[in-house]
Amino acid sequence: MDGGTNNPLQKAAVPLLEPGFVEKDALALQAHFREKRDYMVRELEAMGIKARVPKSTFYIWADVSALPPPLNNCVVFFEYCVRHKVICVPGIFFDVNPFHRRRFHKSPYIDKLRMSYGPAWPNLKQAVKGMKEIIGLAKAGR
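Draft legend 1. Examining the layout of surface pockets more closely. Size it by volume and the largest pocket reaches roughly 270 Å³. As for the largest pocket, its lining consists of 16 residues, of which V86, I87, S116, P119 and A127 are closest to the centre. Among the secondary structure elements, those contributing two or more residues to the lining of the largest pocket are β4 (112-116) and α4 (121-139). Top element by residues in the lining of the largest pocket is α4. It accounts for five residues. Per-class residue counts for the lining of the largest pocket are 11 nonpolar, three polar and two charged. What the second largest pocket holds in volume is close to 170 Å³. Looking at side-chain class alone, the lining of the second largest pocket contains five nonpolar, three polar and three charged residues.

Draft legend 2. Expanded view of the packing of helix α3 (residues 74-83) against α4. For the pair α3 and α4, the least separation of the axes is 9 Å and the interaxial angle reads 120°. Considered as vectors, α3 and α4 are oriented oblique to each other. For the pair α3 and α4, the crossing hand works out as right-handed. Counted together, F77, Y80 and C81 of α3 and M131, I134 and I135 of α4 form the full contact between these two elements. Class assignment of the residues belonging to the contact of α3 with α4 gives a composition of six nonpolar, no polar and no charged.

Parameters at a glance
- Residues numbered from 1 in each chain as written.
- Predicted model: local features only at pLDDT ≥ 70, side-chain atom pairs only at ≥ 80, totals over all residues.
- Heavy atoms only, no water.
- 1 Å grid on protein atoms, 1.4 Å probe; cavity = no way out; pocket = protein on both sides within 12 Å on 5 of 7 lines; lining within 4 Å.
- Points joined across faces, edges and corners; volume = space filled by probe spheres on them.
- Helix = DSSP H or I, 4+ residues; strand = E, 2+ residues; numbered from the N terminus.
- Nonpolar A, V, L, I, M, F, W, Y, C, P; charged D, E, K, R; others polar.
- Axes fitted to C-alpha atoms, helices over the stretch in contact; angles between N-to-C directions.
- Parallel < 35°, antiparallel > 145°, perpendicular 65-115°, else oblique.
- Left-handed = near helix turned anticlockwise from the far one by under 90°.
- Contact = heavy atoms within 4.5 Å.

Nothing here speaks to function; it is geometry throughout.
Listed below in structure tokens is the structure:
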């Protein structure tokens, strides 16, 4: 325990370190995040966004290359998402490009996004709804 934590809090935390409790809690967390991961992957795939299923993180790498232009560009997709109160991270933010030798539009990550399924359920469902609206509007030519 940290020396700065008061004694009553330290004593209250001891049962939380019980191996049986820790194992049960870890399994519950894994099940919770697995359900959220599976939901997001299923929804993204249904929208035409290829999703790479993560094995040990709560981030999904998504490929928007099959979406209608201009949504097949991660920065444009991000900008539309922000307008619909959805946050994702453009893949180019993860492109290691020292001295900017490669042009932005030539990045291998130009059609990739990183999405988190860590937020609360209502937020995930709102994000899916927003992305469906964005893609629907693009397919309708608006």
